[in-house]
Amino acid sequence: MNLPTKYEPKQVEEKWRKYWEEKKIFVANADSDKPKYSIVLPPPNVTGILTIGHVLNHAIQDVLIRFKKMQGYEVLLLPGTDHAGIATQNVVERKLREEGKTRFDLGREAFVKEVWKWEKEYHDRIVTQMKKLGLACDWTRERFTLDPAYARAVKHTFVKLYEKKYIYKGEYIINYCPRCKTVISNEEVEYEEENSSLWYINYPLKDGGYITVATTRPETMLGDTAIAVNPHDKRYKNYIGKVAILPIMNREIPIIADKQVDKDFGTGAVKITPAHDYNDFQIGIKHKLDRIIVIDKNGKINKNGGKYEGLDRFEARKEIVRDLTSLNLLEKIEPHIHSVGHCSRCHTTIEPYISTQWFVKMADLAAKAKKVVKEGKIKFFLPRWEKVYYHWLDNIVDWVISRQLWWGHRIPVFYCKDCGEIIVSEEDVKKCPKCGSTNIVQEEDVLDTWFSSWLWPFATMGWPDQTEDLKKFFPTDTLVTAWDIIFLWVARMIMSSLEFMDDVPFTDVYITGLVRDEKRRRFSKSLGNSPDPMNLIEKYGADGLRIGLLLITPEGKDVIYSEKSIETGRNFLNKLWNASRFILSNREEQKPGIEDIALKRIDRWIISRITNTIIEVDNALNNFRINEAVKII
Ligand SMILES: [Zn+2]
Ligand SMILES: [Zn+2]
């Protein structure tokens, strides 16, 4: 046997990757009689690149899959990518902007075509990176959250939930750009610190005296429907429940208590305008306050604004401040720096606006999702994450699932323009079933990306058809993910699975920590502190990177990354390599097998050591103590 004296990961890894693929080593067999062990790999964003966080997440799953395979299970590690609505759309819009174009110049159809073009390129990039990591994935089963079969699953889900009256249309406060005249998603709003002012306004009380509120937007006072204070603020104890008179408009409004109010902001008393502020909107829901819209879609005061009707919002601000001064109700003006949202496309100040959106009713789904964890049908590692999970479910609000984007699953709702009929259908509708008109338009909005990825554990296996894969590999066994998406993803997968599969989607949830740098900062593009896994693989090999990372990954806690540990990983593999070389060069004539060998004491010692190690490693891996298992080895 002629082995190089030093471990050369590139040759070794390349060779085995090819071998696995040719021999279909990790292609799962749904007809197998063996017990199964399955994992669906959390799909990375298709436009993303592999981060050190992905490496950690993927390496853990790979360890579990290979471990179970060695134990004789029929294993499935199902890979795929996520279409990542807003992230992907933004990437392509940025490219267009470089050519001086917007998506509106192209129109919906051409724009979506353009995104598909990019999608192909990005997809190949991320998948190549995942393959370089040497994952034991079944690539023949690879899925994309926007592929046609997956789209069918998403439509089916929408229709079923709509029929069950879990999906409804309601009012919600969104970001609106009065210049682009379009709804802007949260991710498209750019926040900037601005030098502004804080206006202190006296609101007279109905039975004498007054209360002073501080605001950054005096013009919205025209739509005030309450004043709020913090229930623990002693200064205002006697004010709660009283009635104030809204200056200028002379409308009576209640003084309410809400924990969301920051005691330290201004005077600790704030005006509440549910139709024009995000926080006020939420407070308005809790206290059932009216929503009075006073600014229209052009950024001008509407008829609800009395004598200011027709004025631009910033003009109105000046007028109102002037009027308050002459009424002697303006206590003072303080300079104030605060962060203001701007349209990422035209830099106009964003106006929060009430609009109609699609929602999913969450209460019933949440109750069931809570129950299965309480009953131990799904276990979290570490168990402390269960508290986080319950906390969210206990405070759940309905899920806004519509997005004002073009890239994604278009909502399967059709409107008849002649008779107003609303048709919710998995098939495209061309003719109105009520009046026969062909004047039909489909809903413009697309679904939140999570509305497709919450089906991941079963839609990837062919649902809504009853497939062999579902029979064999569903429910899956382990989900490995980071804590920051317990709500967005983990909880929702549990809900959808209970609703549509009548079963849990997985039995164990292994929550990894986040990977941080040596100063404990999160890795981010803007800090420029992210190590590139591809460079690390080039330098240390994929196995070196993986084992190095697992060595410094304490169970369920954040990982403090240093390149030194990856070097340690590589050195460990070198040791294995040298040990193998030593054995092969000394015992070439000997066939493996110990039955016919007379054991010396030292042989027995080493066999007992290895047996112990196997038991300990099994034990650690069965309990998700992956770091411990690596250390034992
Ligand atoms: Zn704009
Ligand atoms: Zn009709």
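The residue numbers shown here count from 1 along each chain, following its written sequence. Labels are handed out in written order, letters beginning with A for the chains and numbers beginning with 1 for the ligands. Per-residue local features of the predicted model are confined to residues with pLDDT of at least 70, and side-chain atom pairs are confined, for both listing and counting, to 80 or more; whole-chain, interface and lining totals are unaffected and use all residues. For the side-chain quantities, the full set of heavy atoms in the structure was used; hydrogens and water were omitted.

As recorded in an unreviewed UniProt entry, the protein chain goes by the name Valine--tRNA ligase, listed as coming from candidate division WOR-3 bacterium. UniProt positions are given in the numbering used here, feature names are shortened, and annotations may be inferred rather than shown by experiment. Taken directly from UniProt, the Subunit (unreviewed entry) text for the protein chain runs: "Monomer." According to its UniProt record, the protein chain has this under Subcellular location (unreviewed entry): "Cytoplasm".

### Some remarks on the coordination of the zinc ion (ligand 2)
Metal-coordinating donors are taken as N, O and S atoms lying within 2.8 Å of the metal, or within 3.2 Å when the metal is Na, K or Ca; because water is left out, some sites can appear incomplete. Surrounding the zinc ion (ligand 2) are the protein donor atoms Cys416 (SG), Cys419 (SG), Cys432 (SG) and Cys435 (SG), at 2.3 to 2.4 Å. Donor residues for the zinc ion (ligand 2), ordered by position in the chain, follow C-x2-C-x12-C-x2-C. Here Cys432 lies in the loop between β19 (422-424) and β20 (440-442) and Cys419 lies in the loop between β18 (413-416) and β19, a separation of 13 residues in the sequence. According to the relative accessible area criterion, Cys432 is buried, its value standing at 3%. Per the convention used, a helix needs a DSSP run of H or I reaching at least four residues, while a strand needs a run of E reaching at least two, with both numbered from the N terminus. When accessible area is computed with a 1.4 Å probe and restricted to protein chains, residues below 20% of their type maximum are described as buried, those above 50% as exposed, and intermediate ones as partly exposed.

### Re the packing of aromatic side chains
Stacked, tilted and edge-to-face pairs are distinguished by plane angle, under 30 degrees for stacked and over 60 for edge-to-face with tilted covering the rest, among Phe, Tyr and Trp rings (Trp via its six-membered ring) whose centres lie within 6.5 Å. All told, the structure shown has 27 aromatic pairs when counted by the stated rule. Both rings, one in Phe458 and one in Phe474, keep their centres 5.9 Å apart while their planes meet at 80 degrees; by these two values the pair is edge-to-face. Here Phe458, found in helix α12 (residues 456-459), pairs with Phe474, found in the loop between α13 (468-473) and β22 (478-482); they are 16 residues apart in sequence, far enough to count as distant. Clustering of aromatic rings is evident, with ring pairs tying together Phe158, Tyr162, Trp358, Trp399, Phe451 and Trp454. Only when the NZ of Lys or the CZ of Arg is both within 6 Å of the ring centre and within 35 degrees of the ring normal is a charge said to sit over the ring. A cation over an aromatic ring shows up here: Arg103 above the ring of Trp406, its NZ or CZ 4.9 Å from the ring centre. The ring of Trp139 carries the charged tip of Lys131 above its face, separated from the ring centre by 5.0 Å.

### Considerations on the sheet that holds strand β12 (residues 269-272)
At least two bridges found by DSSP between two strands is the condition for calling them paired. Strand order in this open sheet of four strands is β10-β11-β9-β12, and the pairing throughout is mixed. Here the strands that pair on one side only, and so sit at the sheet edges, are β10 (243-246) and β12. Averaged over all pairs of adjacent strands, the angle between their axes in this sheet comes to 35 degrees, without regard to strand direction. Taken together, the four bridges between β10 and strand β11 (residues 251-257) define a ladder with antiparallel strand orientation. Looking at β11, one finds that Leu246 is bridged to Arg251. For helices, the fitted line uses only the C-alpha atoms of the stretch in contact; every axis is such a line through C-alpha atoms, and the angle between N-to-C directions lies from 0 to 180 degrees.

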